Amino acid sequence: MDKRETLESLNPKGGEKTTEERIYVIQEHHATHLHWDLRLEMDGILKSWAVPKEPPKEAGLRRLAVPVEDHPIEYASFHGVISEGQYGAGEVKLWDKGTYEPVSVKEDKIVFNLNGEKLKGEYCLVKTNFQGKESWLFFKTKK
Ligand code: MN
């Protein structure tokens, strides 16, 4: 999928703020390595990033967020155990859920307001390179 197309189509027209709410979820995934799967509804799917450390509730901490495959919207409510031998085997817990509103969406930077139970306020995903691979940084903005 062309990520640029997907992201740019999300931009509010003329760069205005939108009040449209979309699904936001973070699943705590006890796979081979514990991580948190951040998922944001975009264009009818869940864009997903794997965050190796607990997502930050306060500004000042930046977390690596590695893009992983899109998931269907229905997956937002999934929790339970993925069986041995299946991809991502291990327990999945809903760590946080709610909605988000995009503030600005660019190919390399997404700013959004989270209305979760744990994470609230303005957050940012910024594309970077980590060890030569596409990755993003996820953090709460200082506002
Ligand atoms: Mn995962």
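Keep in mind the model is a prediction, meaning the values are calculated, not measured. (Residues numbered from 1 in each chain as written. Predicted model: local features only at pLDDT ≥ 70, side-chain atom pairs only at ≥ 80, totals over all residues. Heavy atoms only, no water.)

Points about the coordination of the manganese ion
Rules: Note that water is not among the atoms used; donors are N, O and S atoms within 2.8 Å of the metal (3.2 Å for Na, K and Ca), so sites may look incomplete. For every residue, the accessible area obtained with a 1.4 Å probe (protein chains only) is divided by the maximum for its type, and the residue is called buried under 20%, exposed over 50%, and partly exposed between those limits.
Protein-derived ligands of the manganese ion are His29 (ND1), His35 (NE2) and Asp37 (OD), with the metal-ligand distances lying across 2.1 to 2.3 Å. Each donor residue of the manganese ion belongs to the same chain, with the gaps between them written as H-x5-H-x1-D. No difference in accessibility class separates His29 from His35, as the two residues are buried.

Brief notes about the environment of Glu134
Here is the rule we go by: Helix and strand definitions here come from DSSP, where helices need a minimum of 4 consecutive H or I residues and strands a minimum of 2 consecutive E residues; each element is numbered from the N-terminal end.
Here Glu134 shows up in strand β9 (residues 133-140). Each C-alpha atom of the pair Glu134 and Val66 lies 7.3 Å from the other, and the pair is 68 residues apart in sequence.

Topic: the pairing of strand β1 (residues 22-30)
Stated formally: In this scheme, strands are said to pair when DSSP sees at least two bridges between them.
The buried fraction of β1 amounts to 7 of the 9 residues, a majority that puts the element mostly inside the structure. Sheet analysis places β1 next to strand β2 (residues 34-42), joined by 7 bridges and oriented antiparallel. Across the sheet, Gln27 pairs through a bridge with Asp37, a residue of β2. Turn length for the β1-β2 hairpin, with the two strands adjacent in sequence and antiparallel, is 3 residues.

Here's the deal with the environment of Lys127
Selection rule: The contact definition used throughout considers only heavy atoms, calling two residues in contact when any of these lie within 4.5 Å.
Residue placement: Lys127 occurs in strand β8 (residues 120-130). For Lys127, a relative accessible area of 27% puts it in the partly exposed group. Residues Lys127 and Glu107, spaced 20 residues apart in sequence, show a C-alpha to C-alpha distance of 8.1 Å. Lys127 has contacts with Glu107, Asp108, Glu134, Ser135 and Trp136, leaving out every residue within four places of it along the chain.

Considerations on the pattern of salt bridges
Close approach of charged atoms allows side chains with opposite charge to pair. To keep things clear, this is the line we draw: For salt bridges, the criterion is a side-chain nitrogen of Lys or Arg within 4 Å of an Asp or Glu carboxyl oxygen.
As enumerated under the stated definition, the model contains 4 salt bridges in all. Where Asp37 meets Arg39, a salt bridge forms, and the shortest distance between an N and an O atom there is 3.6 Å. Under the relative-accessibility criterion, Arg39 is labelled buried at 3%. Between Lys97 and Glu117 there is a salt bridge, with its nearest N and O atoms 3.5 Å apart. Of this pair, Lys97 sits in strand β6 (residues 90-105) while Glu117 sits in the loop between β7 (109-116) and β8, placing them 20 residues apart in sequence. When its relative accessible area of 41% is taken as the criterion, Lys97 is described as partly exposed.

Brief notes about the side chain of Arg63
Selection rule: Identification of polar contacts relies on pairs of N or O atoms within 3.5 Å, with a donor-acceptor requirement for protein atoms, meaning one able to donate a hydrogen and the other able to accept it, and with residues adjacent in sequence counted only if both atoms are side-chain atoms.
Of note, Arg63 is situated in strand β4 (residues 62-72). A polar side-chain atom of Arg63 sits 2.8 Å from the main-chain carbonyl oxygen of Glu54. Apart from residues lying up to four places away in sequence, Arg63 is in contact with Val51, Lys53, Glu54, Pro55, Pro56, Trp136, Leu137 and Phe138.

What to know about the packing of aromatic side chains
We apply this condition: Aromatic pairing here means that ring centres of Phe, Tyr or Trp (its six-membered ring) are within 6.5 Å. Orientation follows from the plane angle: under 30 degrees is stacked, over 60 is edge-to-face, and everything else is tilted.
Within the structure shown, the criterion is met by 5 aromatic pairs. Pairing Tyr100 with Phe112 gives two aromatic rings, centres 5.8 Å apart and planes at 80 degrees, and the pair type is edge-to-face. Placement of the pair is Tyr100 in strand β6 and Phe112 in strand β7, with a sequence separation of 12 residues. Each member of the pair, Tyr100 as well as Phe112, carries the same accessibility label: buried. Plain terms: the ring middles of Tyr123 and Phe138 are 5.3 Å apart, the flat faces sit at 25 degrees to each other, and that makes the pair stacked. Residue Tyr123 is located in strand β8, and its partner Phe138 is located in strand β9; the two are separated by 15 residues in the primary sequence.

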